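Per-entry structural report
Listed below are the residues making up each chain.
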Amino acid sequence: MKALNFFFYTCLFFLVGELIIRIDLEYDILNNSPYKIEVKIEESELRNKIEKGNFIPNPNQTRILVIGDSYINGGGIPIEKRFSKRLSNLLKEETLILDISRPSNSTLDNYNSFMFYQEKFQPQFVFWAYNFNDILYSIPQINSSKKTEIVPPKRVSKKKIGLKKYVSQLYSFSELTRYVSSKIQKQLKFQGIVVPIGEFYQLTQKTYLETNKNWIDTKKKLNTVSQICKTNQSKFILYKMPEFNLLNHSNLFHSLDEKFVNYINSNKNITYYNGINDFENENSDKFMLSKYDGHPNELAHFRIAKKIAEYIMGEKARTHNNIHKE
Amino acid sequence: MLFNSIDFAIFLPIVFMLYWFVTYKNLKLQNLLIVISSYIFYGWWDWRFLSLILFSTILDYSIGISLSKQVNQNKRKMLLWISILMNLGFLGFFKYYNFFLANFMTAFSFFGTEINANSLNIILPVGISFYTFQTLSYTIDVYKRQLETTKDFIAFSAFVSFFPQLVAGPIERATNLLPQFYTKRYFDYSKTVDGMRQILWGLFKKIVIADNCAQYANIIFNNSSEYSGSTLVLGAIFFTFQIYGDFSGYSDIAIGTSRLFGFNLKQNFAFPYFSRDIAEFWRRWHISLSSWFRDYLYIPLGGSRGRTKNKIRNVFIIFLVSGFWHGANWTFIIWGALNAFYFLPIFITNNNRNNLNIVAQGKYLPNLKEFLLMSLTFILTVFAWIFFRAENIGHAISYINNIFSPTLFESSEIFPLGLLLLILFFLSIEWINRNKQYGLEKFNKQKFKFLDVLLLYTVFWSIVIWNSSKEVEFIYFQF
């Protein structure tokens with residue numbers, strides 16, 4: 001009887017939780033989901049002009065193309081304090097910045113944007129803010145005449161399948177399980193602990209492998225961009241954005257960083273900045289928007305803009321000196 | 001360390017285990033563990049200010065011993081004044097120095113004399129107003145010979161620094177808490193479960209009610225000139241529940257945590273928003289502070305004895321001091337004065353002790369008269385809270401002016417229905433259990449067991465799901 005009672009009350013416990021989370025999802029009781037950031041896509045006049053092919057580059061202007069996702073686009077930051085505006089203010093000379101970053105852009109989106117705009121805008125500097133999760137995209141399939149090799153299915157014990165299936169079914173059915181596990185993972189991640197399941201672990205530990213198709217494709221795309229920049233005599237700046245809520249746990253990204261450095265060492269046409277180094281020994285609280293989210297705040301945007309402005313001014317001074325010497 | 005933080009969620013079970021499994025055979029060791037844990041708990045915020053607590057402990061312990069040895073009344077009085085001046089001196093310096101300086105400078109400049117003095121960049125030590133009053137109660141009680149002097153330094157240190165109520169009360173009297181450190185505590189399962197229920201209820205009040213109300217109260221108060229009168233009314237109501245949920249939530253967690261360790265602290269909030277007049281409200285709101293002022297300030301001043309003029313003076317003093325205790329700002333003083341004005345009519349007409357029992361006792365609902373009285377008291381309280389929350393007097397006045405404008409009858413720009421429903425749910429639970437020590441206390445009747453469990457689970461999951469995703473500090477830490 002006691003065991004039955006215990007079972008009944010345990011089931012009731014989870015049932016109440018499931019009910020409350022479903023009510024919340026249905027009616028958004030508190031109407032203040034912390035991760036809801038209103039995204040407004042700024043359609044600039046310049047962009048329209050370029051898209052319509054009406055843009056004529058001014059040789060006295062420094063043209064900078066900014067590519068990336070919401071991290072550099074500045075979701076949650078006042079427009080005047082976002083990277084592009086800051087950079088424009090810091091570069092005192094006449095500068096034209098075309099910011100084509102968009103929230104949720106992947107490497108493929110960024111690459112396509114570059115290909116579309118570079119020809120028409122003819123930038124002297126291409127700034128690509130790379131986010132470690134930009135690698136998640138599906139590679140377009142190319143039709144092949146090769147016959148698909150038929151691989152016999154692996155033998156897996158029935159018991160294992162049953163358990164796995166049961167867990168995944170429970171996970172897909174229960175809103176509560178999903179909510180609680182994601183909340184725990186976020187909390188643990190903020191403390192520097194990564195559970196070896198879930199997207200974050202996969203991304204940082206398993207995706208940037210030499211055998212991974214997406215990493216191979218990403219490198220190809222970066223090579224193409226750097227090659228085009230070289231041909232156009234423009235500078236390609238690749239800035240790897242850190243996760244700003246995890247600045248105190250940069251060790252979580254060591255393996256990924258290594259892979260990146262190995263790649264960069266093989267491509268001398270890229271000016272590479274690892275953002276983690278710019279925020280070394282800094283406290284996350286100062287630069288993050290939320291503790292459960294890696295987006296930078298306005299102070300972080302300002303610091304990145306300063307760094308890039310310094311580089312651009314240095315490069316321009318160098319070019320200027322070279323011309324004078326000649 | 002915040003009660004609503006991961007740090008505390010780890011800290012509490014460790015101390016609990018050590019207390020009941022390692023040190024349970026030795027009372028002295030248990031008390032020592034409480035002292036060490038309390039110092040860690042406090043030092044987590046800023047270890048430098050531990051010296052203040054230690055100094056206060058040594059001072060009042062030594063004065064207590066001297067008082068017990070001294071028979072000369074003048075010398076005893078002098079010892080008492082040393083303790084009062086030293087303790088209040090620290091409090092005055094850390095809390096009120098800049099306030100007095102700024103006001104002196106304004107006053108002198110009004111008379112044409114300019115004084116140049118720099119204000120200090122002083123950090124207010126968390127909980128200084130609470131532990132100062134607690135140690136003072138010991139010295140005063142020993143002076144009045146109402147309490148035996150303690151010779152057990154560890155027990156006294158544990159009494160001063162007892163971590164559950166160190167930073168935001170309840171302000172425990174030495175006569176109630178100190179003797180509990182002398183006697184052996186036994187693990188009591190039902191007491192522990194009860195303590196955990198009270199912690200859960202405190203967390204619900206803080207995390208679900210107060211923190212969510214704070215989001216709206218902050219938006220509305222910080223941009224009060226931009227909102228309609230109806231929204232401003234809503235903002236004041238949200239702050240009313242924010243401050244109640246925040247402070248009484250802290251008290252519930254403190255009392256519940258103490259019960260886990262076998263201690264009984266006194267009830268600090270007894271459902272104040274169900275009061276039928278302002279006198280009843282003050283018997284139910286921050287009881288430990290009100291009774292402290294009553295016993296150590298109001299009664300020595302003469303209390304309700306003597307001429308009407310003196311009685312009115314005493315009432316004003318106690319309310320103004322109570323307001324000033326909350327912070328070095330004129331808004332708190334006005335808040336205190338306003339409450340004195342509310343209180344005086346019923347006090348002068350001898351109606352201040354009309355409502356000693358809880359409203360609608362033995363009934364499910366109040367009658368119309370009770371309901372109207374409760375509503376009136378609530379409205380008066382909400383109005384007074386505007387001064388408490390406002391940045392300065394000017395802000396409070398402009399807030400009130402904006403309320404009483406034609407926009408009062410427009411529909412509110414902000415109307416979080418979900419939060420209002422949660423507040424309604426919270427009030428319903430408090431109403432049902434209004435004759436108990438806290439809202440989530442176990443239902444006595446066996447037939448309600450299922451309902452009780454259901455409620456417990458609902459409260460638990462509400463905390464998990466409807467928390468505001470931030471570790472928000474308790475408001476009363478700053479007092």
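Just so we're clear, the structure is a prediction, and the values are computed from it rather than from any experiment.

**Notes on the side chain of S70 of chain A**
Residue and element names in this part refer to chain A.
- Of note, S70 is situated in helix 3 (residues 70–73).
- Assessed through its relative accessible area of 13%, S70 is described here as buried.
- Within the structure, S70 has its side chain in polar contact with the side chain of H295 (distance 2.7 Å).
- For S70, the residues in contact, after removing those within four places along its chain, are G75, R102, P103, S104 and H295.

**Regarding the packing of helix 8 (residues 189–222) of chain B against helix 16 (residues 417–432) of chain B**
All names here are of chain B.
- Taken N-terminus to C-terminus, the directions of helix 8 and helix 16 make an angle of 145 degrees; their axes are 11 Å apart at the nearest point. In the packing of helix 8 onto helix 16, the handedness of the crossing is left-handed. Contacts between helix 8 and helix 16 pair W201, F204, K205, V208, I209, N212, C213 and Y216 from the former with L419, L422, I423, F425, F426, I429 and E430 from the latter.
- Considering only residue class, the contact of helix 8 with helix 16 consists of twelve nonpolar, one polar and two charged.

**Points about the packing of aromatic side chains**
- In this structure the tally under the stated criterion is 93 aromatic pairs over all chains.
- Judged by centre distance (5.1 Å) and plane angle (55 degrees), the ring pair of W285 of chain B and W385 of chain B falls under tilted. Here W285 of chain B, found in the loop between helix 10 (278–284) and helix 11 (287–301), pairs with W385 of chain B, found in helix 14 (residues 368–389); they are 100 residues apart in sequence, far enough to count as distant.
- On the basis of relative accessibility, which here comes to 1%, the residue W285 of chain B falls in the buried class.
- We note R86 of chain A situated over the ring of F302 of chain A; from NZ or CZ to the ring centre the distance is 4.4 Å.
- In this structure, K184 of chain B is placed above the aromatic ring of Y186 of chain B, and the distance from its NZ or CZ to the ring centre is 5.7 Å.

**Overview of helix 17 (residues 449–465) of chain B**
- The terminal C-alpha atoms of helix 17 of chain B lie 24 Å apart, and with 17 residues this matches the ideal 24 Å at 1.5 Å per residue to within 8%.
- Listing the buried residues of helix 17 of chain B in full gives D452, V453, L455, Y457, V459, W461, S462, I463 and I465 of chain B.
- The secondary structure elements touched by the buried residues of helix 17 of chain B are helix 1 (2–27) and helix 7 (175–190) of chain A together with helix 8 and helix 16 of chain B.

**A look at the confidence of the model for chain A**
Residue and element names in this part refer to chain A.
- When pLDDT is averaged along chain A, the result is 81; 88% of the residues meet or exceed 70.
- Under a pLDDT of 50 for its full length, residues 33–42 has, in the predicted model, 13 contacts with residues more than four places off or in other chains.
- Counting interchain partners and residues more than four positions distant, the pLDDT-below-50 stretch residues 144–153 has zero contacts.

**Quick look at the nonpolar core**
- Grouped together as the largest cluster of nonpolar side chains are 156 residues, with contacts concentrated most on F41, Y42, F159, F181, F261, W285 and W385 of chain B.
- Counting residues per element, this core draws most heavily on helix 9 (residues 229–260) of chain B, at 14 residues.
- Listed in part, the 37 residues of the second largest apolar core include L46, Y130, F253 and I270 of chain A.

**Observations concerning helix 9 of chain B**
All names here are of chain B.
- Taking 1.5 Å of rise per residue, 32 residues should cover 46 Å, and helix 9 covers 46 Å from first to last C-alpha, within 8% of that figure.
- In terms of burial, helix 9 is a largely internal element, 30 of the 32 residues being buried.
- Backbone geometry just downstream of helix 9 places G262 in the positive-phi region, at approximately 85 degrees.

**Overview of the domain arrangement of chain B**
Residues and elements named next belong to chain B.
- You can read the domains of chain B as domain 1 (6–187) and domain 2 (190–276 + 355–478).
- For domain 1 and domain 2, the distance between their C-alpha centres works out to 29 Å.
- Each partner contributes residues to the interface: domain 1 has 28 residues there, and domain 2 has 21 residues.
- Carbon and sulfur atoms make up 69% of the area that domain 1 and domain 2 hide from each other, which totals about 2,000 Å².
- Summed over the three residues of domain 1 that lose the most area to domain 2, namely P164, A168 and P170, the buried surface amounts to 23% of that side.
- One can count zero salt bridges joining domain 1 with domain 2.
- Connecting domain 1 to domain 2 are four residue pairs in polar contact (both at pLDDT 80 or more).
- Elements that contribute at least two residues to the side of domain 1 that touches domain 2 include exactly helix 1 (6–22), helix 2 (27–46) and helix 7 (174–182).
- Of the residues forming the side of domain 1 that touches domain 2, the biggest block, seven residues, is contributed by helix 1.
- Of the residues in the side of domain 1 that touches domain 2, the class split is 21 nonpolar, five polar and two charged.

**Looking at the interface of chain B and chain A**
- With 22 residues of chain B at the contact, the number on the chain A side is 22 residues.
- Both sides together, the interface formed by chain B and chain A hides about 2,000 Å², and carbon and sulfur atoms give 71% of it.
- Counting across the chain B and chain A interface gives zero salt bridges.
- Counting across the interface, chain B meets chain A through seven residue pairs in polar contact (both at pLDDT 80 or more).
- Looking at the side of chain B that touches chain A, the elements that each hand over two or more residues are helix 8, helix 16 and helix 17 of chain B.
- Here the side of chain B that touches chain A gets eleven residues from one element, more than from any other, and that element is helix 17 of chain B.
- Residue composition of the side of chain B that touches chain A, by class: 13 nonpolar, seven polar and two charged.

**Regarding the sheet that holds strand 3 (residues 125–130) of chain A**
Residue and element names in this part refer to chain A.
- Here five strands make up an open sheet; going across it, the order is 2-1-3-4-5 and the pairing parallel. Edge positions in the open sheet fall to strand 2 (95–99) and strand 5 (270–274), since each of these has one partner strand only. Pairwise comparison of adjacent strand axes, ignoring direction, gives a mean angle of 20 degrees for this sheet.
- Sheet analysis places strand 3 next to strand 4 (residues 235–240), joined by six bridges and oriented parallel.

Conventions and cut-offs
- Residues numbered from 1 in each chain as written.
- Chains lettered and ligands numbered in written order.
- Predicted model: local features only at pLDDT ≥ 70, side-chain atom pairs only at ≥ 80, totals over all residues.
- Heavy atoms only, no water.
- Helix = DSSP H or I, 4+ residues; strand = E, 2+ residues; numbered from the N terminus.
- Buried < 20%, exposed > 50% of the residue type's maximum accessible area, 1.4 Å probe, protein only.
- Polar contact = N/O pair within 3.5 Å; in protein donor to acceptor, adjacent residues only side chain to side chain.
- Contact = heavy atoms within 4.5 Å.
- Axes fitted to C-alpha atoms, helices over the stretch in contact; angles between N-to-C directions.
- Left-handed = near helix turned anticlockwise from the far one by under 90°.
- Nonpolar A, V, L, I, M, F, W, Y, C, P; charged D, E, K, R; others polar.
- Phe/Tyr/Trp six-rings, centres within 6.5 Å; stacked < 30°, edge-to-face > 60°.
- Lys NZ or Arg CZ within 6 Å of the ring centre and 35° of its normal.
- Expected span 1.5 Å × (residues − 1).
- pLDDT = per-residue confidence, 0-100.
- Core = buried A, V, L, I, M, F, W, Y, C linked by side-chain atoms within 4.5 Å.
- Domains from an automatic or database assignment.
- Buried area = accessible area lost by both parts, 1.4 Å probe.
- Salt bridge = Lys/Arg side-chain N within 4 Å of Asp/Glu carboxyl O.
- Pairing = 2+ DSSP bridges.

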